[in-house]
Amino acid sequence: DLNNRKTLLHIFLLSVFFTFLGLEVVYAIGSVKLYETLGLSKFAYGIVWGFLPSMMSLIVSKHAGIFVKKYGALKVFRVSQILYVLLAVIYSIGPDMLIPLTWPIPIYPFFSVSMNVIVSRGSHRKLRGSAMGALNSSIALAIGFSSIGGYLGDLLGRDTIMLLSTIPLMIGLLTTLAVSE
């Protein structure tokens, strides 16, 4: 059972890596497009980029735990991944005005709570701290690798690189399908 748990946890951490890799590219490049869509207004950008998502997350964070408990962490995580893929497509090929309308959607509280619950439940009690550290390492590694997204965005165009970021997002989703609760 312990070996099976470790294998499933490693597969899940691989999923987290790919999901964060795609997310970081989409949101880094997408934030530039958001700023331009808002007419280069620093005030409007601050409201849409930071204030609204923070307030929305504040409102729904309590419900994220309830959803995870009711529907299962893995289902909530997968739905979050699917929503992130859809947003990547919207940000890359959708009408620009959809970006400020969809930016504040509070997906991350559900994504984060479910991800942490999966790692916590999927690890042996004595190894839980190490498992959470491995989760943070997977995220940090993905963020580090995502820096190539800016360079590729300059080469290929921002919309193209945001659309291509659906590839690691989909790899993350497909990898998650190999994990069971």
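The structure under discussion appears in the preceding block.
Quick look at the structure, then.

About the cut-offs
Residue positions within a chain follow its written sequence, with the count starting from 1. Whole-chain, interface and lining totals are the exception, using all residues; otherwise, since this is a predicted model, local features are given only for residues with pLDDT of at least 70 and side-chain atom pairs are given and counted only at 80 or more. The basis for every side-chain value is the complete set of non-hydrogen atoms in the structure, without hydrogens or water. Strands here are runs of E lasting at least two residues and helices are runs of H or I lasting at least four, both read from the DSSP assignment and numbered beginning at the N terminus. One fewer than the residue count of a helix, multiplied by 1.5 Å, yields its expected span. We call a residue buried when its accessible area falls under 20% of the maximum for its residue type, exposed when it is over 50%, and partly exposed in between, using a 1.4 Å probe and counting protein chains only. For our purposes a nonpolar core is just a set of buried Ala, Val, Leu, Ile, Met, Phe, Trp, Tyr and Cys residues, chained together by side-chain atoms within 4.5 Å. Should any heavy atoms of two residues lie within 4.5 Å, those residues are considered in contact. A pocket here means an open set of points on a 1 Å grid, computed over the protein atoms alone, that has protein on both sides within 12 Å along at least five of seven lines. A cavity is instead a set of points where a 1.4 Å probe fits but cannot get out; residues with an atom within 4 Å of a point line either one. Grid points are joined across faces, edges and corners, and a volume is the space filled by probe spheres set on the points. All amino acids are sorted into three groups, where Ala, Val, Leu, Ile, Met, Phe, Trp, Tyr, Cys and Pro are nonpolar, Asp, Glu, Lys and Arg are charged, and the leftover types, Gly among them, are polar.

### Digging into helix 3 (residues 73-93)
Between its first and last C-alpha atoms helix 3 spans 30 Å; for 21 residues at 1.5 Å apiece the expected length is 30 Å, and the two agree. Buried within helix 3 are the following residues: Ala-73, Leu-74, Val-76, Phe-77, Ser-80, Gln-81, Tyr-84, Val-85, Leu-87, Ala-88, Tyr-91 and Ser-92.

### Some details on the nonpolar core
One finds Phe-12, Val-16 and Met-115 to be the most contacted residues of the largest nonpolar core, which totals 44 residues. Among the elements that take part in this core, helix 1 (residues 2-37) stands out by supplying twelve residues, more than any other. Excluding its chain neighbours within four sequence positions, the residues that come into contact with Val-16 are Phe-77, Met-115, Leu-135, Ser-138 and Ile-139.

### A few points about the layout of surface pockets
Taken as a whole, the largest pocket encloses approximately 450 Å³ of empty space. If you list the elements that add at least two residues to the lining of the largest pocket, you get helix 1, helix 2 (42-71) and helix 5 (108-122). When residues of the lining of the largest pocket are assigned to their parent elements, the largest contribution, six residues, is made by helix 1. Looking at the lining of the largest pocket, its residues break down into 14 nonpolar, four polar and one charged.

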